[in-house]
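Here's the letter readout for the chains.
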Amino acid sequence: MAFTQEQEAGVLAMLAAFQNGKRISDLELAQGALKDMSFEVEDETGETRRMNLKDAVEQAANPIAGRYWTDGNSTPRAGGWYGSVQALRELPAKLGLGRYLVTDDRQKRKLDPTDSTRYADGSPAALDGSQGQCMWCWNGFYANIFNEGGKTVKAVTFNAPIGNGYSCWIPAGGISWMDAAVMDRTNDKLCSVISDDEQFRGGSGSALVAGNYEQAPAAGSPQLTMLGMPATNLSTTAFGTKARKRGEGWEANWFVARFVVEFLFEVIMGTQNSQAAFNAQKDSDGLYQGGFGDGVTDMGDTHWTKYNGHYPLLPTSVGLAAGDGVCLVDYDLPDGEGGVDHTFHVPVFFGLVNAGFGHLSRLVRGLTVSQTAGEKTEVYVAPSMYAAFDPSSVTGMLKACECPQTNGYIKRKSYNRLCCMPTEVGGSASTYHPDYFYTDGATASGLRVRLAGGDANSGAHAGASFACASYAASNAYAGYSSPLCYFEADPVVA
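Residues numbered from 1 in each chain as written. Predicted model: local features only at pLDDT ≥ 70, side-chain atom pairs only at ≥ 80, totals over all residues. Heavy atoms only, no water.

## Thoughts on helix α7 (residues 255-269)
Taking 1.5 Å as the rise per residue, α7 with 15 residues should run 21 Å; its terminal C-alpha atoms sit 21 Å apart, in good agreement. Along α7, 15 of the 15 residues are buried, which leaves the element largely enclosed by surrounding structure. Looking one or two residues beyond α7, the residue adopting positive phi is G270, at roughly 75°. (Helix = DSSP H or I, 4+ residues; strand = E, 2+ residues; numbered from the N terminus. Expected span 1.5 Å × (residues − 1). Buried < 20%, exposed > 50% of the residue type's maximum accessible area, 1.4 Å probe, protein only.)

In structure tokens form, the structure reads like this:
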């Protein structure tokens, strides 16, 4: 086939370019800043594209482990990974997620990832508080939430913040791996232990009377004795005061610790739906996927009332054998005849039992909702955990966002200042953030606290993003708890 004159000229030009090509060592040194330089790469699609040299250098020194969600898309599943897929695969290990014993001076010691009754070196570990508190811990990291090209990115970095949105350093810390409080009745301190001793009796601190409940379990059941059960029926102020007795750096479900649970679930599992079907298999990229199913949310209000009046259902020992696993653990709730009343499929997220939702609602500290009936609902957060905190005032607190004044499934939530509160409702049980928001802002003015996660009768309304802002800080209830948490440094929010 003969070339046209124009084609022949093109071929000759390419040949001349090839013959006149230079080795890299022959080129002159580049001038200007890294931000003005770019080079050719093959990206994840297999296409050849241009990349900014400054971005490439920063990512190499600061691996990004993230996911993105396409704006306007209602699916709670992430659209894909962001940054480095290898960094995302390795994220749980780099964060050090798992179970530890932590002493009051905040020294932590890792437990065996498959046997929480032993330390990582194989020596026996006591879970009764004598060697420290049973905590689910993480290493320090930057949380980054930003928008890029019509996508909302949630990413973890370790060396520097990234993006043009909100970034915050999260100090190393931990939260009770039971995802609920335990009370040391002898010393009047909040704790996180596994023990059937009277000193740590759960609920309100007294045994329940079977005759008060139509469908009570058999006598001696922990759901009646409250031995080995989480503590409830305290106000958020009481939980916080008793946690702070452990010393500086200890609190009760400080909002930053709550953020860690919600944020890391979304980034690691790649979904905003805690109740998506559980999938033990990783995806084609070797990443975790899916949620944890119903969790401990399907008891039903009437059933729970008749069973034990909304007091705790799961002993603190449930999930112990799971270690640092990502799995479901079956628990058979006893009935009054020596049989099974109900079987719960209890989530475990790298050792965190309940994975932030279901069983007992969690009172959140350090976050106050201020509402004017029918006008505005504002969310404020405390800038420091190491300072005193008073939930009866927003003086000295930082405004984080505004919430809707109507109930509904969450369509959008704010991560500004780590508040994790809804800014729009109108979704559903399978779209956006498929969890519910309750508020009395349309009819009542005043200050409110957040209840997070939902409880055993919340059903499809429950999930890690679930938020209820209808109760004052003085409220206490049989089904409300507030897990012990700690930070190695003050989790400052600006």
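Now, onward.
## Here's the deal with the layout of surface pockets
Counted as a void, the second largest pocket has a volume near 440 Å³. Every residue lining the second largest pocket is counted, 20 residues in all, and those nearest its centre are D71, T152, R412, K413 and H433. Broken down by secondary-structure element, the contributors of at least two residues to the lining of the second largest pocket are β3 (65-70), β10 (151-157) and β23 (408-414). If one sorts the elements of the lining of the second largest pocket by residue count, β23 sits on top with three residues. Residues of the lining of the second largest pocket, tallied by class, amount to five nonpolar, 10 polar and five charged. (1 Å grid on protein atoms, 1.4 Å probe; cavity = no way out; pocket = protein on both sides within 12 Å on 5 of 7 lines; lining within 4 Å. Points joined across faces, edges and corners; volume = space filled by probe spheres on them. Nonpolar A, V, L, I, M, F, W, Y, C, P; charged D, E, K, R; others polar.)

## Regarding the nonpolar core
The biggest cluster of nonpolar side chains holds 94 residues, and the ones touching the most others in it are W136, W138, F141, I170, F259, F349 and M421. Top contributing element to this core by residue count: α7, with 12 residues. Residues in contact with W138, not counting those within four places in the same chain, are L95, L97, K108, I170, P171, A172, G173, G174, I175, A257, V260 and F487. Counting residues in each nonpolar core, the second largest holds 25 residues, with Y100, A243, W250 and A473 among its members. (Core = buried A, V, L, I, M, F, W, Y, C linked by side-chain atoms within 4.5 Å. Contact = heavy atoms within 4.5 Å.)

## Here's the deal with the pairing of β3
The side chains of a regular strand alternate between both faces of the sheet. Along β3, five of the six residues are buried, which leaves the element largely enclosed by surrounding structure. Where β3 lies against strand β4 (residues 80-83), four bridges are found, and the strand directions are antiparallel. Paired with A65 across the strands is G83, a residue of β4. Where β3 meets β10, six bridges bridge the pair, whose relative direction is antiparallel. Pairing of R67 across the sheet is with K154, part of β10. (Pairing = 2+ DSSP bridges.)

## Overview of empty space enclosed by the protein
Think of a ball as big as a water molecule: rolled over the atoms, this probe shows where empty space is left. With the rule as written, the count across this model stands at two cavities of 30 Å³ or more. Taken as a whole, the largest cavity holds about 70 Å³ of empty space. For the largest cavity, the full set of lining residues is M178, A180, P230, L314, P315, T316, V318, V353, N354 and H359. Each residue belonging to the lining of the largest cavity can be placed in one class, and the counts come to seven nonpolar, three polar and no charged. Taken together, R67, L88, R89, I268, K282, G286, L287 and Y288 form the lining of the second largest cavity. Looking at the lining of the second largest cavity residue by residue, the class counts come to four nonpolar, one polar and three charged.

## Some details on the pattern of salt bridges
Tallied over the entire structure, the rule returns 22 salt bridges. Among the ionic pairs, K242 bridges to D188, the shortest N-O distance being 2.7 Å. Taken together, the residues K242 in helix α6 (residues 236-244) and D188 in the loop between β13 (182-184) and β14 (189-191) connect sequence positions 54 residues apart. The class for K242 is buried, based on a relative accessible area of 15%. Across the pair R448 and D440 runs a salt bridge whose closest N-O atoms are separated by 3.1 Å. A single network of salt bridges, built from pairs that share partners, joins K154, R258, E262, E266, K413 and R450. (Salt bridge = Lys/Arg side-chain N within 4 Å of Asp/Glu carboxyl O.)

## As for the state of the cysteines
The tally for this structure, following the rule as stated, stands at zero disulfides. Cysteine C419 shares no disulfide, and the gap to the nearest cysteine sulfur, in C401, comes to 3.7 Å. For C419, a relative accessible area of 2% gives the class buried. (Disulfide = S-S within 2.5 Å.)

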